[in-house]
Amino acid sequence: NIYLGLVDNFSNLKLIDFGASRFADLKPSVQSWRNQDLFYVANERFFGEGSVRSDLFSAGVVLYKLLFGIMPWGTNIAGLTFQEQVQEVVSMRNRPLAIPNVQTIEMDNSLLKILMKALAPNPSQRFSSAQEFFDALEGRIEVSSAPISMTKTSDSTKPLQAKKGNGFADVAGMDDIKNLMQKKIINVLKDPERAKRYELQIPNGMLLYGPPGCGKTFIAEKFAEEAGYNYMFVKSSDLASVYIHGTQEKIGQLFQEARDKAPTIINFDEFDALAPDRSKVEHVGHSGEVNEFLSQMNNCGQDGVFVIASTNRPDLIDPAVRRTGRLDIKIFIPVPDSAAREGMFKIKLKNKPCEQGIDFARLASLTQNFVASDIAYVVNDATQRAFDDNVDISQSLLEEVISENVPSVTESDLLVYEQIKETLDGKGSKTSISKERKHIGF
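Residues numbered from 1 in each chain as written. Predicted model: local features only at pLDDT ≥ 70, side-chain atom pairs only at ≥ 80, totals over all residues. Heavy atoms only, no water.

**Student:** When you look at helix α5 (residues 130-137) in this model, what are you seeing that I'm missing?
**Tutor:** Side chains that are three or four residues apart share a direction in an α-helix, a result of its 3.6 residues per turn. Within the sequence span of α5, burial applies to F133, D135 and A136. All buried residues of α5 project into a common sector of 165° when viewed along the axis, lining one side. Tucked into the core, α5 has its buried residues touching α2 (52-68) and α4 (109-118). Two residues or fewer past α5, G139 is found with a positive phi of approximately 85°. (Buried < 20%, exposed > 50% of the residue type's maximum accessible area, 1.4 Å probe, protein only. Helix = DSSP H or I, 4+ residues; strand = E, 2+ residues; numbered from the N terminus. Arc of directions from axis to C-beta. Contact = heavy atoms within 4.5 Å.)

Set out below in C-alpha cells:
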C-alpha cells in the first residue's frame, strides 16, 4: 500500500504494509504469497524460492503501477483456478515488458532502466538491496541497460505476406476513387519496368483523408490486395518508445524491413500522430521523428516500398511530409455515396434472417451522410430488436431504427473537410477554415 501524509505539502509519501515480504531468515518453502495479489509476486517465489530481490520485484511493480496506472504483464485471470492463475501470470512474464504510450513527466531513459532492472525476470539481474534501488532513484548510481529480452519489440517478427482477397470488388460504390487508384498508382506499381521505359516516376505514397468512419483503413487494405504487395499495418503506438530517439530507430527499422522484403505497402494509421507539423509541437523528439520519416520516404518507391498514410486530420501533418515526392497522391475519402451505402446494407444483412423484398435503394436514400459505423449500428440495432421479438428483420423495422438516428458526421464537419480538400488541392487558402467568425455567448 502507499501512504500519503496530509502534512509537509504532501511530501510524506511512504510504502507501508509489508506483510507479505520475507525476512532474511524466512525459509523459501513458506508460501505466504498465496494470500496476496499474484501480480506483485516474483516468479521464483511461486517455486519455493525467494530473497530480498523478490521483495524488490514487488516494489518495481508498485513503481510501474504508479507511472502507468496498470500492472506490468497484466492479464485477466478472473474465473481461473488458483493454479491456473499462477500459470497465467508466469506465462505472461515470458513476454517482453510493454511500455505504454503514456506521456509521463517523470519518465526518462534513466528511470526506464531502473524500472526494467527492478522487474528483471532473473533475480540476479535485479537490485541487490533496497538501498541500491533507492540510490538509483536518487541518481547517485547509474543503472546499465536492461536485458534486451525485456524491451518490447515490434511485430516485425511476423513474416510479411502479400495481402490476399477480392480487392476493390469488396468496396461498394466509390467508383471514381477506385478508378483513380487503379490508373494512377496500381497500374504503375504492377509494371515498374514499363514505367521506367516511359520515364514515369514510381509513386512513393498516397494520403487518404476524410471524416472518421468512412472506411479509409478498409480501402487501404483492399488497395494492397489489388496491388498484390506485401502488407504492413502500423499504428502510432507500434512505433512509440520512451527512449530518446527510440521512435526514430523503430521507423528506420520498419522501412529497412519493408525494403528487404519488397515490394511492400506500409499503411500508417492516424498518421497525424506520427508526423505532426513541427511548427506546432514543442517536444524536440517529434521533430526528429518527422525528419526520419522525410529521410525514409525520399524515393522509397524506387526501392519497392509504397506508403499509405491514413488520417482524419491532414491539416495537422507536417507540410514537408505532405508534399509531392513523398505522399505524391492525396485522395479525399468522403462519406459513402448512395451506391456505397446500398452495398453496405446488403453486406451487413446478407446472412441475417430478413423478410423478402428489402428495398436497399430506399435504405440508402434515407441514410444520407451516414458513415460505415452508422450503418453497422442501424443494422445491429434492428437485428437486436428482431431477436427480442423473435421475428425476421423487416423494411419497416430498419426504417424505424434509421429515423431514430442521425449521422455521426455533421454538416459543419463536412464543410470543414471540403475546405481542407480545397487547400490540399491548391484551390483554397490555408486559413480558409478560420475565416468565418464564430458567435460568442448564448
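Once the structure has been displayed, the description carries forward.
**Student:** Honestly, the nonpolar core in this entry has me stumped. Any pointers?
**Tutor:** Nonpolar side chains tend toward joint burial in soluble globular proteins. Membership of the largest hydrophobic core comes to 32 residues, with the highest contact counts inside it found for F46, L97, L115, L119, F127 and F133. Of all elements in the fold, only α2, α3 (82-92), α4 and α5 reach the threshold of two or more residues within this core. With 7 residues, α2 is the single largest residue contributor to this core. (Core = buried A, V, L, I, M, F, W, Y, C linked by side-chain atoms within 4.5 Å.)

**Student:** I'm lost on the pairing of strand β5 (residues 264-268) in this one. Help?
**Tutor:** Residues in a regular strand point their side chains to alternate faces of the sheet. In terms of residue burial, β5 counts as a mostly covered element, since 5 of its 5 residues are buried. The two faces of β5 match: T264, I266 and F268 on one face and I265 and N267 on the other face are all buried. By the bridge criterion, 5 bridges tie strand β4 (residues 230-234) to β5 in an arrangement that is parallel. Its bridge partner being in β5, F233 is matched across the sheet by N267. Of the pairings in the sheet, the one linking β5 to strand β6 (residues 305-311) comprises 5 bridges and is parallel in character. Each bridged residue has a counterpart across the sheet, and for T264 the counterpart in β6 is V305. (Pairing = 2+ DSSP bridges.)

**Student:** Explanation requested: empty space enclosed by the protein in the structure shown.
**Tutor:** Rolled over the atoms, a probe sized like a water molecule indicates the empty space that remains. Scanning the model with the defined rule gives 1 cavity of 30 Å³ or more in all. In this structure, the largest cavity occupies an estimated 30 Å³ of space. Taken together, the residues that form the lining of the largest cavity break down as 5 nonpolar, 1 polar and 2 charged. (1 Å grid on protein atoms, 1.4 Å probe; cavity = no way out; pocket = protein on both sides within 12 Å on 5 of 7 lines; lining within 4 Å. Points joined across faces, edges and corners; volume = space filled by probe spheres on them. Nonpolar A, V, L, I, M, F, W, Y, C, P; charged D, E, K, R; others polar.)

**Student:** When you look at the sheet that holds β5 in this model, what are you seeing that I'm missing?
**Tutor:** Within a sheet, neighbouring strands are paired by backbone hydrogen bonds and run either parallel or antiparallel to one another. Read across the sheet, 5 strands follow the order β4-β5-β6-β3-β7 without closing on themselves; strand pairing throughout is parallel. Edge strands, defined here as strands with exactly one partner in the open sheet, are β4 and β7 (329-332). Within this sheet the neighbouring strands show an average axis-to-axis angle of 15°, counted without direction. Those strands touched by helix α6 (residues 175-190) are β3 (205-209), β6 and β7, and its axis lies near 155° from that of β7. (Axes fitted to C-alpha atoms, helices over the stretch in contact; angles between N-to-C directions.)

**Student:** Please explain the packing of α6 against helix α8 (residues 216-227) as it appears in this structure.
**Tutor:** The geometry of a pair of packed helices is captured by two quantities: the angle between their axes and the separation between those axes. Where α6 meets α8, the closest approach of the two axes is 10 Å, and the angle between their N-to-C directions is 45°. By the angle between their directions, the pair α6 and α8 is classed as oblique. Where α6 crosses over α8, the two elements pack in a sense that is right-handed. Together, M181, Q182, I185, I186, L189 and K190 of α6 and I219, F223, E226 and A227 of α8 make up the contact between the two elements. In terms of residue class, the contact of α6 with α8 is built from 7 nonpolar, 1 polar and 2 charged. (Parallel < 35°, antiparallel > 145°, perpendicular 65-115°, else oblique. Left-handed = near helix turned anticlockwise from the far one by under 90°.)

**Student:** Could you clarify how one ought to interpret the pattern of salt bridges in this entry?
**Tutor:** Pairs can form between side chains of opposite charge whenever their charged atoms are close. Counted according to the given criterion, the structure contains 14 salt bridges. For D170, the salt bridge is made with K222, and the minimal N-O distance between the two is 2.9 Å. A residue pair is termed long-range when its members are at least 10 positions apart, and D170 in the loop between α5 and α6 and K222 in helix α8 qualify at 52 residues. For D170, a relative accessible area of 25% gives the class partly exposed. K222 sits in the buried class, given a relative accessible area of 8%. One salt-bridge network, in which partners are shared between bridges, spans D381, R385, E400 and E404. (Salt bridge = Lys/Arg side-chain N within 4 Å of Asp/Glu carboxyl O.)

**Student:** Even after reading the chapter, I still don't get the packing of aromatic side chains, so can you show me in this structure?
**Tutor:** The description of an aromatic ring pair uses the distance of the two centres, along with the angle that the planes make with each other. Enumeration over the complete set of coordinates arrives at 9 aromatic pairs. Ring geometry for F127 versus F133: centroids 4.6 Å apart, planes at 10°, classification stacked. A residue is classified by how much of its surface remains accessible, and F127, at 0% relative accessible area, is buried. Seen from their ring centres, F271 and F293 are 5.3 Å apart, and the 75° between their planes marks the pair as edge-to-face. Placement of the pair is F271 in helix α10 (residues 271-274) and F293 in helix α11 (residues 284-297), with a sequence separation of 22 residues. When its relative accessible area of 0% is taken as the criterion, F271 is described as buried. (Phe/Tyr/Trp six-rings, centres within 6.5 Å; stacked < 30°, edge-to-face > 60°.)

**Student:** Mind showing me how you'd approach the packing of helix α13 (residues 338-349) against helix α15 (residues 372-389) here?
**Tutor:** Between α13 and α15, whose axes approach to 10 Å, the crossing angle comes to 40°. It follows that α13 is oblique to α15 by the angle criterion. Of the two possible hands of crossing, α13 and α15 adopt the one that is right-handed. Where α13 abuts α15, its residues R341, M344, F345, K348 and L349 lie against A372, I375, A376, V378 and V379.

**Student:** What should I look at first to understand a nonpolar patch on the surface in this one?
**Tutor:** Judged by side-chain polarity, I2, L4, L13, L15, F18 and L66 come together as a nonpolar surface patch covering roughly 590 Å² of accessible area. Counting only elements with at least two residues in the nonpolar patch, the list comes to β1 (2-4) and β2 (13-15). In this structure, L4 sits in strand β1. (Patch = residues over 30% accessible without salt bridge, like charges linked within 9 Å, V, L, I, M, F, W, Y side chains within 5 Å. Areas by Shrake-Rupley, 256 points an atom, 1.4 Å probe, with all protein chains shown as cover.)

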